[in-house]
Amino acid sequence: MKTLIKFTVVLIVGVMGSAYGLTLKECIDAALLNNPELKKSRAEFNSFKERKQQSLAGLLPSINLSISRAKVDQERSDNRQFAINQKYTTESDSLTLRQPLYRPSLLRNYEKSKFNVYAQNNRLNYKEDLLEMKVIEAYFQLFQSSAIKNLTEKRINLLKEQEVAAEKSIVAGIGTITEKVELRAAADKANVEMISINQNILAGLNELSFLTGITIGEKNDFSFKESSFNLIDEKTIGEWESKALSQNFSTNAKKDEIIAAEKDLLSQKYARYPSLDLTLQMARGSSESTFFVNSETKSNSIGISLLVPIYQGGIISSRIRESAHKLEAEKQALMFEEDELKKSVQRAYFGMKENLKLIDALLTAIQSAKIELDANIKSSKAGIRRQLDVLIAQQKLIKVQNDLIQAKVNVVLFWAQLNMLSGNLDGETISFLNNLIDR
């Protein structure tokens, strides 16, 4: 029922998507529901889970029913005299139960399969987080392109106003053709940039549509909620590393695989031990012969079977060595993965901290650029400054504003990556990211 409700919601917002756009949370929900690669991974996990049941079956009793019917045409003679021809039907029915009493290798195999399933579940969760991270990156990069497009549109409009002002200045005899040409060149350059920006937006929409499986429409009136944005920096690098080492789905999967490898090594060692089974059988049979007509037998039996491995060509020792080497390989792989995880956490953390400091510097730079632009505009109206000076001041302001957008998006993406590496890209984190944007 929950899946049906989610599908209905995604279907509704998917129809609206081409007109209104989707929130980040809606995009992630759609991706988790529709992405074919993730569907494949889930199907593979469901298939893999059956191995646990299969290994458990080896510990449980097995019951078999055997029914046999045969028609016999027998010709018999003694000392080549008195030939006797008999035709009769034989029947044989049996019900057999076998219960393993002592097979430690089977128990270890079952434990191994359990931890392998845990590992695959962590792998699946990690793939879901990777998909969510791809959607987050695509969504905020699209947000960045849309914000830069808005700034570029404002820039183009300002250039048009400046060009009109330059023409009036020429008519008044205080302007120059050079100013008008420079403004026209700047406008042409801005139009070229707009083409590139529109292509980036189109590519971003296509990427997001492929990830979510539904059509995503453009929405240009995005902005950051500064009050929520200020809550991003909340943990030290030590806390992030500790959380990542204990909760990262990929490393936890590797830990489960190590335990499974240990169980497999024990299973191979127990292959040298004797095995003990309990057997119960109920059988009935009927047949005929020269001496017995319509004979029938019934028997019930109970017994214990003991199997002691003595010599199998060295295969058990070889399998033990193979399992030991696999276990060592898994341990070394975990060490390597944990080192790489620490590096990834450090890169994301220091990248986030750097951009947070950059944001503070850029906010100050924007105020300075605005003051410079206002001064140039007033001076231009007074005839002290030229329109080119105003143009240069505007370009400085727009560049700083673009850098601010880039820095904010970088902070969000680095913070999201830290949560993904820490196995914390859950509903609460997604909601926080979703609420960063004022729609």
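Reading the values: rules and limits
- Residues numbered from 1 in each chain as written.
- Predicted model: local features only at pLDDT ≥ 70, side-chain atom pairs only at ≥ 80, totals over all residues.
- Heavy atoms only, no water.
- Helix = DSSP H or I, 4+ residues; strand = E, 2+ residues; numbered from the N terminus.
- Buried < 20%, exposed > 50% of the residue type's maximum accessible area, 1.4 Å probe, protein only.
- Contact = heavy atoms within 4.5 Å.
- Areas by Shrake-Rupley, 256 points an atom, 1.4 Å probe, with all protein chains shown as cover.
- Salt bridge = Lys/Arg side-chain N within 4 Å of Asp/Glu carboxyl O.
- Arc of directions from axis to C-beta.
- Pairing = 2+ DSSP bridges.
- Phe/Tyr/Trp six-rings, centres within 6.5 Å; stacked < 30°, edge-to-face > 60°.
- Axes fitted to C-alpha atoms, helices over the stretch in contact; angles between N-to-C directions.
- Parallel < 35°, antiparallel > 145°, perpendicular 65-115°, else oblique.
- Nonpolar A, V, L, I, M, F, W, Y, C, P; charged D, E, K, R; others polar.
- Core = buried A, V, L, I, M, F, W, Y, C linked by side-chain atoms within 4.5 Å.
- pLDDT = per-residue confidence, 0-100.
- Expected span 1.5 Å × (residues − 1).
- Polar contact = N/O pair within 3.5 Å; in protein donor to acceptor, adjacent residues only side chain to side chain.
- Patch = residues over 30% accessible without salt bridge, like charges linked within 9 Å, V, L, I, M, F, W, Y side chains within 5 Å.

A. Focus on the overall build of the chain. Counting its secondary structure elements, the chain contains 11 helices and six strands. Expressed as a percentage of its 439 residues, the buried residues of the chain come to 40%. Within the chain, contacts between residues separated by at least 24 positions form 81% of all contacts whose residues are at least 6 apart in sequence. A total accessible area of about 25,500 Å² is found for the chain, and carbon and sulfur atoms account for 54% of it.

B. Structural context of the pattern of salt bridges. Scanning the entire structure with this criterion turns up 21 salt bridges. Ionic pairing is found between Asp93 and Arg69, a salt bridge with its closest N-O pair at 2.8 Å. One end of the pair, Asp93, is in strand E2 (residues 81-102); the other, Arg69, is in strand E1 (residues 62-78), and 24 residues separate them in sequence. Residue Arg69 is classed as partly exposed on the basis of its relative accessible area of 45%. The partner of Lys254 in a salt bridge is Glu330, with the nearest N and O atoms 3.3 Å apart. Highlighted residues: Lys254 in helix H8 (residues 249-270) and Glu330 in helix H9 (residues 315-381), separated in sequence by 76 residues. Given a relative accessible area of 11%, Lys254 falls into the buried group. In the salt-bridge network here, residues are joined through shared partners; they are Arg69, Glu91, Asp93 and Arg284.

C. Main features of helix H7 (residues 237-247). Burial in H7 covers these residues: Trp240, Glu241, Lys243 and Ala244. For H7, the arc enclosing every buried residue in end-on projection is 165°, short of the 170-degree limit, so these residues lie on one face.

D. Focus on the pairing of strand E5 (residues 295-307). Burial of E5 is sparse: only zero of the 13 residues sit out of reach of the surface. Where strand E4 (residues 275-287) lies against E5, 13 bridges are found, and the strand directions are antiparallel. From the neighbouring strand, Leu280 faces E5, where its bridge partner is Ile302.

E. Structural detail: the packing of aromatic side chains. Inspection of the entire model under this criterion finds six aromatic pairs. When the centroid spacing of 4.9 Å and the interplanar angle of 75° are considered together, the rings of Tyr270 and Tyr273 count as edge-to-face. The class for Tyr273 is partly exposed, based on a relative accessible area of 41%. Residues Tyr349 and Phe350 carry aromatic rings whose centres are separated by 5.6 Å and whose planes lie at 75° to one another, so their mutual orientation is edge-to-face. Relative accessible area serves as the criterion here: at 10%, Tyr349 is assigned to the buried category.

F. Spatial organisation of the packing of helix H2 (residues 24-34) against helix H5 (residues 177-212). Interaxial distance between H2 and H5 falls to 7 Å at its minimum, and their mutual angle equals 50°. Judged by the inter-axis angle, H2 sits oblique to H5. Contacts between H2 and H5 pair Cys27, Ala30, Ala31 and Asn34 from the former with Leu208, Leu211 and Thr212 from the latter.

G. Geometry of the environment of Ser209. Looking at the secondary structure, you find Ser209 in helix H5. Among the residues examined, Ser209 registers a relative accessible area of 19% and is labelled buried. Separated by 178 residues in sequence, Ser209 and Ala31 have C-alpha atoms that sit 9.0 Å apart.

H. Molecular detail of the environment of Leu60. Turning to its location among the elements, Leu60 is positioned in the loop between helix H3 (36-57) and E1. C-alpha of Leu60 to C-alpha of Leu101: the two residues are 41 residues apart in sequence and 9.7 Å apart in space. Excluding residues within four positions of it along the chain, Leu60 makes contact with Arg98, Gln99 and Pro100.

I. Structural context of the packing of H7 against H8. It is the contact of H7 with H8, at a shortest axis distance of 6 Å, that shows an interaxial angle of 45°. For the element pair H7 / H8, the angle class is oblique. Side by side, H7 and H8 meet where Ala244, Leu245, Ser246 and Gln247 of the first sit next to Phe249, Thr251, Asn252 and Lys255 of the second. The class makeup of the residues in the contact of H7 with H8 is three nonpolar, four polar and one charged.

J. A look at the nonpolar core. In this structure, Ile136 and Phe140 are the most contacted members of the largest nonpolar core, which totals 68 residues. Of all the secondary-structure elements, those providing two or more residues to this core are H2, H3, helix H4 (104-172), H5, H7, H9, helix H10 (387-421) and helix H11 (427-435). Ranked by residue count, the leading element in this core is H10, at 16 residues. Beyond its immediate stretch of four places on either side in the chain, Phe140 contacts Leu24, Phe224, Val409, Val412, Leu413, Leu433 and Ile437.

K. Quick look at the confidence of the model for the chain. The share of residues in the chain with pLDDT of 70 or more is 87%, and the mean pLDDT across the chain is 85. Segment residues 1-20: pLDDT under 50, and 21 contacts once partners within four positions in sequence are set aside and those in other chains are kept.

L. Fine view of the side chain of Asn424. Its location among the elements puts Asn424 in the loop between H10 and H11. Those residues in contact with Asn424, other than ones at most four positions away along the chain, are Lys243, Asn419 and Thr429.

M. Looking closely at H8. Over its 22 residues, H8 extends 31 Å from the first C-alpha to the last, a length consistent with the 32 Å expected when each residue adds 1.5 Å. N-capping of H8 is provided by Asn248, with a side-chain oxygen placed 3.0 Å from the backbone N of Ser250.

N. Structural context of a nonpolar patch on the surface. Where nonpolar side chains cluster on the molecular surface, the patch consists of Ile63, Leu65, Ile67, Leu95 and Met282 and spans about 520 Å² of accessible area. When residues in the nonpolar patch are grouped by element, the largest group, three residues, is from E1. Its place among the elements puts Leu95 in strand E2.

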